[in-house]
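Next come the chains, spelled out residue by residue.
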Amino acid sequence: MNPEYKEIFTTLHNLGKQGEYYRLVTNAQLLNCVKEKSSLDIKSARKKIVDYTKKALTGSGLILKSHGNREILTIQRPLDRCFTGFLFPIIRNQNSLDAADDNYIDGDAHIGGDGYTGGDGHIDEDDHIDGDDHIDGDGYIDGDDHIDEDDYIDGDSEIKKRG
Amino acid sequence: MKKGKRYIPPSSAGFSFFITGEHILLRVYYDAVCYKKIPEQERDDRGQFLPRQWEKIPLSDGGVEVEFSPESQVQHIVFNGKARIDALWRRYRTGYIVTITMSNNQNIDDEKNGKEFIEEQNEKTLFNVVLHAIVESGQVGIYPSKNRAFLTDEEKEVALRYKDLHIYAVGHGAAADWAFNKQGKMEIKVDFIPTVEVPQLTASTGSGDDTPLIFAFLKMCEGEKHHEILHSLTLFVSNYAGWIEAQSRRAAHEDDEEDKKTAQSIIEKQHLAHNRMRRGVELLQKSRNARIAFATMNRAMLLQWISNDRNRGIEKKESQYRWRPFQLAFILMVLESVVNEESQYRDTLDLIWFPTGGGKTEAYLGVMAFLFIYRRLAYPASYGGTVAIMRYTLRLLTSQQFIRANKVISALELIRRENGELFGREPFSTGLWVGGATSPNTYYQAVKMAEDGQFNKLVISSCPWCDAPFSKKNYIAGNDRFHFTCTNPLCDFGKNPKNLLPCNIVDEALYQNPPTLLIATVDKFARLTWEERAAAFFGLNGNRPPELIVQDELHLISNALGSIVGLYEVAIDTVLITRGMRSKYIASTATIKNAKQQIRTLFGRDVAVFPPSGIRCDDSYFAKSVPLNEKPGRLYVGYLAPLLSRQRCLEPLAAILLSAPIEVFGDMEAHMDRWWTQIVYHGSLKGVGNSRTLYQSGIPYLLERVTVENLKNEIEKFFPGFTDDKKLVTIDDFNRVADVEVKGIVEKYPLRDLNVNVLTSNQSAVENNQVFMALEKGRGESGAVDVALATNMISVGLDVSRLAMMIINGQPLTTAEYIQASSRVGRGETPGIVFVNYYKTQARSLSHYENFRSYHDAFYRFVEPSSLTPFTYQARSRALHAALIIALRYGNIGLLTNDSAGEFDRDNQAVRKVIKEMKRRCAVAVHYGQEEIERVHLHIDELVDGWRERADYCRANRIKLVFNSKDRSFDNLICNFNEENGLWPTLQSMRNVENSALVKLFGKVRREQQ
């Protein structure tokens, strides 16, 4: 937050007048804010988009609730909200497959993609085998509404019971 | 039951680099956080119950470092044993290749049940990982790459051009980035979301004197002022010579003898281009016809630009309309070889090699306009018919370019009408010759479309000259005719009583009146085997055959398509030569490698690339890199989700990007639209289908979650604790909040209702065009597009200036495709962002991710050579017979008509001559040696024998042999691949190179039976 606004905010907050502060910002001081922001050149505007996306994807921009000096992630698990920039623990006894293993048939091994043609028709050149037909081993589908935590779907698309 | 294998996300990430020095010391900075599940009933320091969720635990308090040197320990355990930092030192030449990695040291037992496993996995994962190596002492050297001794001459030239762009590190499990820090020390780091800004190239170059570029100046070339104009052109050319001299001086300072030699070879090509440009100016000095043609061409270009701007309400001075330097230079360079059949460079294919959006089309439209006029002046008795053939690979691009070329042709036609005596009675015209899916092939189809009001299927929906929209009355369709007319009385065409426009799209109309400029898809030429009427395009009724063949987007003529095209080219070239014309070939592309071999195989010609490159990649005189501080480049961002499957990894990226404009520019309407529309590129139709599903379910769900998070954050700034209410989960919940102040904030976070469109070959041309038009609409306009899911059909031809955001969903197969596709955004005022979504299980994706910076710093360097093999047995067996038939049917030797197939006589002198020419043409293109040439010749002989035997058999049995007929009493020489009523199954389109088969599944196959 702009330090100037933060000072006003703190004062009004202490007086229990958050709503008043917000009106101030959105009405009068918003003009300054808009002026400040519109002076951004396009390049820095673009940087803001990229920075926001980076933070959102890595989870470094996650909005955490403060409880005293502790920061809490609510609603969802960290791995449901962080998509890159992390290192996994080693999983023991796992018959694993390396990411770049050739046993994965490259799902993109087609030529020419869409085969979009000008002549007298097109061929769908998409008859490839998709090597990624498995769903991730850990079995949760999404956020907090994973289907059944005791089920996981493995690389051969078989549903197994854990444990 | 077989134990399943499953993917395990990486536990380590790092980078490698090469370092030398007597005392090497690295300081490695690292950081991460983890999350700990809060048990029930735990309270915070104020005694409040904590929500049963996850607490963020910083693992280091910042600034923690470990040191490494070749002599020191190679491992540090960090974060209280949770992780380790390793350094692997390998001796290499005078230094070391060092690999620094951070690894998660914690284990999970796979035997745990699902819930426990997931929670432990979340607790033991290290998040927001940071790993930097600061080189305290020692020199980081260029990362070792391919030995130069193994490079071809072309690769050496490429290596020299990119000599100043160094690769210092490669990533492992992530990308690597490097830079000098404020203390001047090299800092190398792990980068999970790498970014590289690629500078734009500009065609606005030259000496600064723009006079010779101005159309209005050059159009005076035919009059008294021609000396002044020629002088100006001479100066224009000599300025280039001056730059070449500077290049020579620079080459002399290369520190490596091999580089000096390579630089010299580049400079020789520059000299060659310069000499040819000089010869172009000399031609203008010597030939009045050339001067008139040059002046008229410039006048036509000027008129079409003025008309274009007038239609958009823009008024400019005539002097503001001008060539880009490379366009004029190219025209000057090819002039002589275009008009002189005996020119030393007639058999050289001139390849315009310029980045997308640079103006290649105008350059060869200029050459064509020049030739159209020149031919009328030089050959008044035989100028008619088709003069140039322009070919494209994609139907979308073909119709776009047809509309574009119509402008120039219309301008020429208006000029001709003023000067009928000089330029002849036959109108200049354009014809679109493509498949039935894009334009009607018969009068009957055209009549039906016009009657049914399906005007959008008639390609042109407004006057090419005045832009007045068409209605039914503008389409004159009958059983034996089809025309476009303009009825706008203010239009130069509309005010004429005949008001016919000089363009046509119906095949039958084109066969009747072959257009001056024929615009076609390469596929359509497969029809030559079947269609005798197409002979009209090769010079009938005493007209000269076409003199110029233009192939746009050359890089797309590759692989299977390229191999088949290569054989049909043999036929077309043979026909033209048999008819007495050595046509000039021009091609264009933005991405090419190994052009020499590709052109030789495809067109049987030498190649001259224009503009020749400079000895460094940032300056070829006619194209220069624009420094990033002057103009933003295109920003590439890499992303790989190690946990998500190929089907789902797009989800978070797409949702977050969709939320970005509102979150980042909530109160800045001007910026809001800039990155509003997402173009999502896919390598396959299947990918589009998969993404479509995501955009219907997963992405909107995640988008709402992210929007709610952002909204809560904003509300909490002003009303702390307000969002603790557990009933506030969705945007709808927030919309129901009564508090006026909070409502004010909620209104700033609308949930986007996604308008998702698709651009694929599964859609009709009309549907795709509608999407293209919708893409022009800005945020808030009715029908504005939020997301367009596209296949590689957008890689060429999509030119919407407001588009600035693209997701490349999966690394495309080739760099050429990657460059072409990603160049579709950021073409206007807003600089582009290209997010590349890499797949965790795809080796190609991982490799590009780990080498993100080095790849993007110089990606033109990595353009792959095209592969095409027309003379392999497999390709020959598909299409060599078709080439033979075309050569003989169109060779003007009496075998054109359908019923003449039976008259084939291999001993006929004319037939022998055509076959000899065809063999010669094949031999020029085959580059595997004499043995291969003999194999091709033998194959031609076998085909000839086969045809003769069939003809003999039919004669003996009194059966009529035709090329193809549905009449069962006839015998067919050719038939479709799925039929058996002919000697040779033959292609209808050059894409259909493989047989298709129907697969029928009978019920389920039980797993035990497998």
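By the naming in an unreviewed UniProt entry, chain B is Helicase domain protein, taken from Desulfamplus magnetovallimortis.

**Comments concerning the nonpolar core**
Residues and elements named next belong to chain B. Judged by nonpolar contacts, the single largest core of 114 residues is most densely connected at Leu233, Met277, Phe294, Leu332, Met368 and Met390. The greatest single-element share of this core, amounting to 12 residues, is contributed by helix H8 (residues 360-378). With 76 residues, the next largest nonpolar core counts Leu26, Phe79, Ile679 and Leu803 among its residues.

**Some details on the packing of aromatic side chains**
For any two aromatic rings, the description comes down to two numbers: the centre-to-centre distance and the angle of the planes. All names here are of chain B. Using the criterion set out here, one finds 44 aromatic pairs over all chains in the structure. Taking 5.7 Å as the distance between ring centres and 45° as the angle between the ring planes, the aromatic pair formed by Tyr511 and Phe537 counts as tilted. One end of the pair, Tyr511, is in helix H12 (residues 507-512); the other, Phe537, is in the loop between strand E21 (517-521) and strand E22 (548-551), with 26 residues separating them in the sequence. Each member of the pair Tyr511 and Phe537 is classed as buried. Centre to centre, the rings of Phe610 and Phe622 are 5.4 Å apart; their planes meet at 40°, and the pair counts as tilted. Here the residue Phe610 occupies a position in strand E24 (residues 606-610), and Phe622 occupies one in the loop between E24 and strand E25 (624-625), the gap between them amounting to 12 residues. On the basis of relative accessibility, which here comes to 0%, the residue Phe610 falls in the buried class. Taking NZ or CZ as reference, Arg391 lies 5.4 Å from the ring centre of Phe525, over its face. Arg544 extends its terminal NZ or CZ atom over the ring of Tyr379, reaching a point 3.6 Å from the ring centre.

**Thoughts on unusual backbone geometry**
Residue and element names in this part refer to chain B. Residue Pro611 follows Phe610 across a cis peptide bond; omega there is -10°. Of note, Pro611 is situated in the loop between E24 and E25. A positive phi angle, close to 50°, is found at Glu553, a residue other than glycine. Within the secondary structure, Glu553 is located in the loop between E22 and helix H13 (559-578). For Glu553, a relative accessible area of 9% gives the class buried. In this model, Asn559 sits at a positive phi of 55°, which is unusual for a non-glycine residue. Among the structural elements, Asn559 can be located in helix H13.

**Section: the pattern of salt bridges**
Residues and elements named next belong to chain B. As enumerated under the stated definition, the model contains 65 salt bridges over all chains in all. Note that Arg616 is salt-bridged to Glu254, the shortest N-O span being 3.0 Å. Linking Arg616 in the loop between E24 and E25 with Glu254 in the loop between helix H4 (226-252) and helix H5 (257-286), this pair joins segments that are 362 residues apart in sequence. Each member of the pair, Arg616 together with Glu254, is buried.

Definitions and limits used
- Residues numbered from 1 in each chain as written.
- Chains lettered and ligands numbered in written order.
- Predicted model: local features only at pLDDT ≥ 70, side-chain atom pairs only at ≥ 80, totals over all residues.
- Heavy atoms only, no water.
- Core = buried A, V, L, I, M, F, W, Y, C linked by side-chain atoms within 4.5 Å.
- Buried < 20%, exposed > 50% of the residue type's maximum accessible area, 1.4 Å probe, protein only.
- Helix = DSSP H or I, 4+ residues; strand = E, 2+ residues; numbered from the N terminus.
- Phe/Tyr/Trp six-rings, centres within 6.5 Å; stacked < 30°, edge-to-face > 60°.
- Lys NZ or Arg CZ within 6 Å of the ring centre and 35° of its normal.
- Salt bridge = Lys/Arg side-chain N within 4 Å of Asp/Glu carboxyl O.

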